Amino acid sequence: MSAGKAALLAFGFSLAAVAPLDAQEAERQSAPTAAASASEAPSVGAGPTVVDMDAVVVSGVQPGPGLWRVSKDGHVLYILGTQSPLPRDMSWDAHEVREVLAEAGAVLGPPGISVNADVGFFRGLALAPSALKAMKNPDGATLDELLPPDLYARWDVLRQRYMGRDRGVEKKRPMIAVYELYKEALERNRLRQGGIVGPVLDKAMKARDLERTSTVLRLKIEDPREAIADFRKEGLKPQDLECFAGTLDVIEQDLPRIAARANAWAVGDVEALRAMPQNRRQLDDCMDAWMQTETVRKRGFTDIGPKIRDSWLAEVEKAVAAHPVSFATMGIDTLLYDREGYLSALAARGYRIQAPDEYGDEAEDAVDGAAAGDAPPSDAVARVPGAKPRS
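Reference entry: report on the structure contained in this document.

Reading the values: the criteria
Residues numbered from 1 in each chain as written. Predicted model: local features only at pLDDT ≥ 70, side-chain atom pairs only at ≥ 80, totals over all residues. Heavy atoms only, no water. Helix = DSSP H or I, 4+ residues; strand = E, 2+ residues; numbered from the N terminus. Areas by Shrake-Rupley, 256 points an atom, 1.4 Å probe, with all protein chains shown as cover. Axes fitted to C-alpha atoms, helices over the stretch in contact; angles between N-to-C directions. Parallel < 35°, antiparallel > 145°, perpendicular 65-115°, else oblique. Contact = heavy atoms within 4.5 Å. Nonpolar A, V, L, I, M, F, W, Y, C, P; charged D, E, K, R; others polar. Phe/Tyr/Trp six-rings, centres within 6.5 Å; stacked < 30°, edge-to-face > 60°. Buried < 20%, exposed > 50% of the residue type's maximum accessible area, 1.4 Å probe, protein only. Polar contact = N/O pair within 3.5 Å; in protein donor to acceptor, adjacent residues only side chain to side chain. Core = buried A, V, L, I, M, F, W, Y, C linked by side-chain atoms within 4.5 Å. Pairing = 2+ DSSP bridges.

**Here's the deal with the overall build of the protein chain**
Move 1: Broken down by element type, the protein chain carries 18 helices and twelve strands.
Move 2: Taken as a whole, the protein chain presents about 16,500 Å² of accessible surface, with 50% of it coming from carbon and sulfur.

**Some remarks on the packing of helix H10 (residues 238-253) against helix H11 (residues 255-267)**
Move 1: Interaxial distance between H10 and H11 falls to 5 Å at its minimum, and their mutual angle equals 80°. Taken as axis vectors, H10 and H11 run roughly perpendicular relative to one another. Across the interface between the two elements, Val250, Ile251 and Gln253 of H10 pack against Leu255, Pro256 and Ile258 of H11.
Move 2: For the contact of H10 with H11, the residue count by class is five nonpolar, one polar and no charged.

**Notes on the packing of aromatic side chains**
Move 1: The tally for this structure, following the rule as stated, stands at three aromatic pairs.
Move 2: Residues tryptophan 92 and tryptophan 265 carry aromatic rings whose centres are separated by 6.1 Å and whose planes lie at 50° to one another, so their mutual orientation is tilted. Separated by 173 residues along the polypeptide, tryptophan 92 in strand E5 (residues 90-92) and tryptophan 265 in helix H11 bring together distant segments of the chain.
Move 3: When the centroid spacing of 5.3 Å and the interplanar angle of 75° are considered together, the rings of tryptophan 312 and tyrosine 342 count as edge-to-face.

**Things to note about the side chain of glutamine 354**
Move 1: Note that glutamine 354 resides in strand E12 (residues 352-354).
Move 2: Classification of glutamine 354 by relative accessible area gives buried; the value is 3%.
Move 3: A distance of 2.3 Å separates a polar atom in the side chain of glutamine 354 from a polar atom in the side chain of arginine 69.

**Here's the deal with the nonpolar core**
Move 1: By size, the foremost hydrophobic cluster in this structure holds 64 residues, and its most contacted members are Ile79, Trp92, Trp265 and Phe327.
Move 2: If you tally residues by element for this core, the top one is helix H15 (residues 304-322), at seven residues.
Move 3: Not counting the four nearest positions on each side in its chain, tryptophan 265 is found in contact with Gly64, Pro65, Leu80, Gly81, Thr82, Gln83, Leu86, Met90, Trp92, Val197, Leu273 and Ile332.
Move 4: Listed in part, the 28 residues of the second largest apolar core include Leu147, Val178, Leu248 and Ile258.

**Concerning the packing of helix H7 (residues 174-188) against H10**
Move 1: Between H7 and H10, whose axes approach to 9 Å, the crossing angle comes to 10°. As far as their axial angle goes, H10 and H7 are roughly parallel. In this structure, H7 uses Pro174, Met175, Val178, Leu181, Tyr182 and Ala185 to contact H10, whose residues at the interface are Asp240, Cys243, Phe244, Thr247, Leu248, Val250 and Ile251.
Move 2: Looking at the contact of H7 with H10 residue by residue, the class counts come to eleven nonpolar, one polar and one charged.

**Re the sheet that holds strand E3 (residues 75-82)**
Move 1: Judged by pairing direction, the sheet is mixed, and its six strands sit side by side in the order E9-E6-E11-E3-E2-E12 without closing on themselves. Two strands bound the open sheet, and with one partner strand each, they are strand E9 (212-213) and E12.
Move 2: Inspection of the sheet shows strand E2 (residues 68-72) paired to E12 by three bridges, in the antiparallel sense. The residue bridging arginine 69 from the neighbouring strand is glutamine 354, located in E12.
Move 3: Those strands touched by helix H3 (residues 95-103) are E3, strand E6 (106-108) and strand E11 (325-331), and its axis lies near 135° from that of E11.

See below:
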């Protein structure tokens with residue numbers, strides 16, 4: 001699941017009637033998950049002192065990482081691993097990606113989920129007030145009334161630090177409030193979600209009249225009004241507290257490491273990214289909180305993760321079979337760690353998977369062989385963007 005949607009999923013269900021959650025937007029508005037160690041479970045107890053940001057965030061034109069290559073039967077899918085957040089003041093030099101897009105017959109969006117109610121514009125406007133109310137705590141409760149005192153004390157310190165006098169956020173559901181806090185913390189530390197990779201890809205695709213093929217799992221809410229009403233009744237659960245506390249852990253302790261990951265992506269240092277501890281699993285905590293709501297279970301939305309993966313795999317197989325060169329994006333953590341099993345599933349279907357630092361020499365040898373008159377494999381040159389015989 002892309003970066004961003006999981007935090008939004010906590011309330012995306014209630015907003016689906018008026019603001020369906022789309023995976024492309026989710027990629028650009030990533031959830032508060034690009035940080036920290038998977039082995040550290042978030043604690044609901046009092047947290048440590050906030051770690052001031054001391055990492056230098058890069059700026060200017062940066063190359064970004066190389067592309068993962070997935071090949072089968074002479075056809076190749078290049079995958080760009082995306083990262084969020086990224087340095088706010090960087091520009092992406094997408095030379096390698098532009099070369100691939102110049103040849104690509106298909107461009108695949110990232111895996112994800114789209115929740116849609118298909119209610120039409122005017123009915124959507126009628127439902128909007130109810131959806132906005134669903135973002136707030138039931139019965140007008142405030143966070144200081146809902147959260148354990150030690151957890152609220154942590155929240156209050158961070159709220160004052162990053163949000164100032166904004167007291168309206170106190171009436172919002174914990175997962176919504178903490179996501180807004182996370183966004184403010186990123187902005188204060190010269191990091192941003194979205195607006196760097198997406199526009200560059202869109203411009204390159206527009207130049208060739210390429211359309212992005214959606215790979216998302218589409219879920220439809222048949223009863224949006226009732227769904228919103230059900231969600232408004234949902235009370236605070238232990239999973240909500242785990243999501244809330246885990247995100248506070250990130251804000252308190254992990255901003256320098258988030259900046260380090262953002263820098264590594266920007267300068268294209270895949271080895272540094274691979275060497276960093278895996279991300280904290282607070283994304284899973286937040287996703288689990290949403291999946292445990294009665295609103296979701298009542299509508300049969302279960303086993304979402306495998307279904308999202310299967311939807312993506314189906315589109316990949318169609319694209320690779322139909323086109324010599326295809327292009328896709330997905331979260332770089334999925335490519336580095338394969339926790340969700342995307343790469344394992346591809347390998348089981350006979351695809352060869354290579355990271356950016358695993359095929360450079362092989363590609364040059366293949367190109368040199370072609371220049372010397374040897375017959376290379378049918379996809380040897382096409383698999384390497386911009387590959388040219390060395391003089």
